[in-house]
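Structural features, examined
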Amino acid sequence: MSAAKPAPPSGATDPAPGPERPAGSKSGNGDRAAQVLREVSTGTFGVTFLAFVLALVIGGLLIIAVDDDVADAASYLFARPADFFTAAWSAVSEAYAALFRGAVFNYEASTVSGAIKPLTETMTAATPLIIAALGVAVGFRAGLFNIGAQGQVIMGATIAGFVGFTWNLPVGIHLLVALLGGVIAGGLWAGIAGLLKARTGAHEVIVTIMLNYVALYLLQFLLTTDAFSTGNQPKSPSVKSTAQLPLLLGDGFRLNAGFLLAILSAVFVWWLMSRSTIGFRFRAVGSNAHAARTAGMSVTATFVLVMIVSGALAGLAGATQVLGTEKFLTDGIAGSLGFDAITVALLGRSRPLGIFLAGLLYGGLNVGGRVMEVSTGTPIDIVLVIQSLVVLFIAAPPLVRAIFHLPAPRTGASKEVAA
Amino acid sequence: MSVIETKDAPGRQDVTVGAGASMRGPVVMLAFGVLSLVLFGLLPDSGGTTTFGISTSSDFVRFDPVELPSKATAIVLSLVALALAAYGALRVRGGRKVPTWVLAAFGAIWVLTFLTWAVTDKSTSLVSLLQGSLLLAVPLAFGALGGLLNERAGVVNIAIEGQLLTGAFGAAVIGSVTGNPYAGLVAAPAFALVIGAMLALFTVKYHVNQIIVGVVLNVFAVGLTSFLFGSVLKDNAAQLNSPPRLETIAIPGLSQIPVLGPVLFRQTIIVYLLYVAVAVIAVALFRTRWGLRVRAVGEYPQAADTVGIDVNRTRWGNVLLGSAVAGLGGAFFTIGSVGAFGEEMTAGKGYIALAAMILGRWSPVGALTAALLFGFADKLQQVLGVLQTPIPNQFMLMLPYIVTIFAVAGLVGRVRGPAAAGEPYVKG
């Protein structure tokens, strides 16, 4: 007991934080951000689980609040309260059951392929999410906020699509070139933000947000040109069969080789961040840019490289979307992929395996949400509410603990003192 | 247009550039001047005419539309712009700064030159162009004001988009239920407070990263409003989603001023509230004890804490106030313009508001100016789209974002925000 006590004062007497703050506010920002990101990514499994429970409960309450049958039962709540709770329960359970049927396993289907189709659809939807989130996570772990995955996905899809429907190349090579085009386009697009940060100190959050919109309008413009559009529609020709990602389970399913690319990307990011020298440099800059600079690393060059890797993955995500799932370009090719990728990266705590699972989960929620909307009339947008709440709760473990009256873990308490 | 941002000397921390940097303004001006002389003046064929309308049918004094020879006008205007650039260069050589009016006049003349060229052989009304610009600037300006109230206290507000959206939603629903648009106008900031309270809870109390919370709250706002729209509003549109619109109020006397009168003083109450908000926030931030404290908290919270200012309480207050102001801007989307609420109807305007705040250097007047520029670019894009000019309107739409990237990259004068923005304050 007395042995534990002396530790905090040595930290408290440390004068470093005070005088350092005004001098180097720029890098101080980065350190703080990296620290927060670390904290976000080191919550416990229990908090994650409870965060889900909370988000699903709030989602359920919203579903109850807008349900017509529940409203009818509520009008005679005091006469027959059981009706109210029955109606509320059936509203929520039907919606969530439809969500499950649409996302994982359709137990109402008459054929085997019909029953497992939802799972394959989930995997298809998860493919670009996982890849783009891996890119966002590489940035997070290097202390950079890449909010521009959306724009990088768009640029990747645009170039990959263009190569896919314009060029004539042999089978195999065509696909590789198209994928590579997407990777390069995404990487260069994000590289702009990295270069500007390295050269001028421009904050990557602002630059990447702005580049999202530039990319969107660029694609909209391209879709009006003859090179990209078919007739009057703002829609490109279909990607040639030589450039399409092969289907994995035959014609009945949309699941394609993009999913294998997602697995490969996860392994690659694991190797890059945990096993390679470059990844060590990324993480060193992310945890303490000052120390990294002192150790002889070029922080600015690392910024550029991190953004390029991050954007390249987002570009690959766009490429799988256009070459595997959609097969042609529209201005909605990226959907909300880039923003979903941020939440997936946060939920997966910036770790490849976590992101893989979080991507499947989000893919499932998105696919299942559509089935839920059709079968129970609950708008799919409830999924966005649940997804955003989960991330918020996971990021604030003290709030979750306070709601469930859980004691704060000892390690967490000492960390708060140190901060 | 981009030249306006050069009005300050380069940032203090920008040591490498030093005294020579102030020449950047005149050089950029000269480059743009030459560009307009060649592109709009010398290259086009002669013989075309440009027609500008300068009054509306309901004006007290009406003017006939002005018809100008396009080529000659563009050349003359370009030469005037070049003269301004030369004057700016002379001032800098004399060791002084380029006056703001020179930059403003240069920007205005450059845009007019561009218009003269773009509207060749067609006609457009300058009054409706400016009126529309101001209208489109309203949500941007309110959003930027809301953003700067947050950031001046040290909380980054990426959630402006979400606050605009919930504000728009609240205004539509409450306006419909009560049948009174002014009730909707009160409801808009109240609804946006929900997002503001969540932002403050997670960033100020729980120290979650402000950028993460902002991004996630935008998703939350889209999800929540779209969910309620799809499940409740769509089926009961008559009762819940058909608010009356705010009527236009012409201010007696002032609205009769030629050209500017109808632009500035024949608007809805939201626009007049904007004038008030800019003035009040400008005075409050820079001329009152409260403003000094807020800025201290945003620049150096440790010092503020030392002299007894409650940092986190100040941040709570400002985040809530900022979200309410942004929510007021949200009312524009529904009761201020089209009436009914639609899914994701703010369409990224919150991010342009963020950009306007940055370009306006975290000052209310600057934010309004930047919002007006972006509003003008947006309106111009609509007008040129109708007129079938050679510039694809997607490039006009890109303009605010590109200008912002240039601004934060310091290519047209460095911008620098409050020092402590983005950092949670942990006492100790």
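Residues numbered from 1 in each chain as written. Chains lettered and ligands numbered in written order. Predicted model: local features only at pLDDT ≥ 70, side-chain atom pairs only at ≥ 80, totals over all residues.

Labelled according to an unreviewed UniProt entry, chain B appears under the name Nucleoside ABC transporter membrane protein, originating from Sediminihabitans luteus. If you open the UniProt record of chain B and go to Subcellular location (unreviewed entry), you find "Cell membrane". (UniProt positions renumbered as here; feature names shortened; annotations may be inferred.)

For chain A, an unreviewed UniProt entry supplies the name Nucleoside ABC transporter membrane protein and the organism Sediminihabitans luteus.

Concerning the overall build of chain A
Within chain A, the regular secondary structure consists of 19 helices and zero strands. The burial tally for chain A puts 52% of its 419 residues in the buried class. Counting only contacts in chain A whose residues sit at least 6 apart along the sequence, the fraction spanning at least 24 positions is 75%. (Helix = DSSP H or I, 4+ residues; strand = E, 2+ residues; numbered from the N terminus. Buried ≥ 20, exposed ≤ 12 C-beta atoms within 10 Å, placed from the backbone. Contact = placed C-beta atoms within 7 Å.)

Describing the overall build of chain B
Looking only at helices and strands, chain B has 16 helices and five strands in total. For chain B, the spread of C-alpha atoms along the principal axes amounts to about 65 × 60 × 40 Å. Here chain B holds 428 residues, and 55% of them are scored as buried. Within chain B, residue pairs in contact and separated by at least 24 positions form 77% of the contacts whose partners lie at least 6 positions apart.

Some words on the environment of V127 of chain B
By the element assignment, V127 of chain B lies in helix 4 (residues 126–152). Separated by 136 residues in the primary sequence, V127 of chain B and V263 of chain B place their C-alpha atoms 6.5 Å from one another.

Some words on the domain arrangement of chain B
Segmenting chain B into domains produces domain 1 (2–121) and domain 2 (127–393). Taking only C-alpha atoms into account, the centre of domain 1 of chain B sits 30 Å from that of domain 2 of chain B. (Domains from an automatic or database assignment.)

Here we look at the interface of chain B and chain A
Opposite the 42 residues of chain B that make contact, chain A presents 49 residues. When residues of the side of chain B that touches chain A are assigned to their parent elements, the largest contribution, 16 residues, is made by helix 7 (residues 210–233) of chain B. Looking at the side of chain B that touches chain A residue by residue, the class counts come to 30 nonpolar, 11 polar and one charged. (Nonpolar A, V, L, I, M, F, W, Y, C, P; charged D, E, K, R; others polar.)

Some details on the packing of helix 16 (residues 352–376) of chain A against helix 17 (residues 381–395) of chain A
All names here are of chain A. Between helix 16 and helix 17, whose axes approach to 9 Å, the crossing angle comes to 160°. Classified by the angle between their axes, helix 16 and helix 17 sit roughly antiparallel to one another. As for how helix 16 packs across helix 17, the hand of that crossing is right-handed. For the pair helix 16 and helix 17, the contacting residues are Y362, L365, N366 and G369 in the first and V383, I386 and Q387 in the second. Partitioned by chemical class, the residues of the contact of helix 16 with helix 17 number four nonpolar, three polar and no charged. (Axes fitted to C-alpha atoms, helices over the stretch in contact; angles between N-to-C directions. Parallel < 35°, antiparallel > 145°, perpendicular 65-115°, else oblique. Left-handed = near helix turned anticlockwise from the far one by under 90°.)

Regarding the packing of helix 4 of chain B against helix 10 (residues 269–287) of chain B
Packed helix pairs are characterised by how far apart their axes lie and by the angle those axes make with each other. Residues and elements named next belong to chain B. Two numbers describe how helix 4 lies on helix 10: the axes approach to 10 Å, and their chain directions differ by 25°. Taken as axis vectors, helix 4 and helix 10 run roughly parallel relative to one another. Here the hand of the crossing between helix 4 and helix 10 comes out left-handed. Of the residues in helix 10, those in contact with L134, V138, A141, F142, L145, L149 and R152 of helix 4 are I270, V271, L274, A277, V278, I281 and L285. A per-class count over the contact of helix 4 with helix 10 returns 13 nonpolar, no polar and one charged.

Some words on the sheet that holds strand 3 (residues 123–125) of chain B
Pairing between the strands of a sheet comes from backbone hydrogen bonds, and it takes one of two forms, parallel or antiparallel. All names here are of chain B. One open sheet accounts for three strands, arranged 2-1-3; its pairing is mixed. Both outer strands of the open sheet, strand 2 (66–69) and strand 3, are each paired with one neighbouring strand and no more. The sheet shows a mean angle of 25° between the axes of neighbouring strands, taken without regard to direction. Here strand 1 (residues 49–53) pairs with strand 2 via four bridges, running antiparallel. Its bridge partner being in strand 2, T51 is matched across the sheet by E67. (Pairing = 2+ DSSP bridges.)

Notes on the confidence of the model for chain A
All names here are of chain A. Put simply, chain A has an average pLDDT of 83, and 87% of its residues get 70 or more. Low pLDDT, under 50, characterises residues 1–28; the stretch is placed with 11 contacts to residues that sit more than four places away or in other chains. Per-residue pLDDT stays below 50 along residues 412–419; that stretch engages in four contacts with residues further than four places along the chain or on separate chains. (pLDDT = per-residue confidence, 0-100.)

Quick notes on the pairing of strand 1 of chain B
As paired elements, strand 1 of chain B and strand 3 of chain B share three bridges and run parallel to each other. Within strand 3 of chain B, the position partnered with T51 of chain B by the bridge is S123 of chain B.

Description of helix 7 (residues 112–141) of chain A
The α-helix winds at 3.6 residues per turn, so residues separated by three or four positions along the chain end up facing the same way. All names here are of chain A. Along its 30 residues, helix 7 runs 42 Å from first to last C-alpha, staying within 8% of the 44 Å computed at 1.5 Å per residue. Bending of helix 7 peaks at approximately 35° at the position of A126, with proline P128 no more than four residues after it. In terms of burial, helix 7 is a largely internal element, 23 of the 30 residues being buried. (Expected span 1.5 Å × (residues − 1). Bend = angle between axes of the 7 residues up to and from the residue.)

Section: the environment of F106 of chain B
Residue and element names in this part refer to chain B. Structurally, the position occupied by F106 is in helix 3 (residues 100–118). F106 gets classed as buried once you count the C-beta atoms within 10 Å, which come to 28. The spatial distance from the C-alpha of F106 to the C-alpha of S133 is 19 Å, given a sequence separation of 27 residues.

Quick word on the confidence of the model for chain B
Residues of chain B with pLDDT of at least 70 account for 91%, and the chain-wide mean is 85. Across residues 1–21 of chain B the pLDDT falls below 50, and counting only partners more than four positions away or on other chains, this stretch makes 39 contacts in the model.

A closer look at the environment of A178 of chain A
Residue and element names in this part refer to chain A. Structurally, A178 is set in helix 9 (residues 173–200). Expressed as a C-alpha distance, the spacing of A178 and L323, which sit 145 residues apart in the sequence, is 8.2 Å. A178 has contacts with A160, V163, G164, A243, A319 and L323, leaving out every residue within four places of it along the chain.

Observations regarding unusual backbone geometry
All names here are of chain B. With a phi close to 55°, H207 is a non-glycine residue in the positive phi region. Here H207 shows up in the loop between helix 6 (181–205) and helix 7. Judged by the 22 C-beta atoms lying within 10 Å of it, H207 is buried. Of note in the backbone geometry, A347 takes a positive phi value of approximately 45° without being a glycine. On the secondary structure map, A347 appears in the loop between helix 13 (311–338) and helix 14 (349–359).

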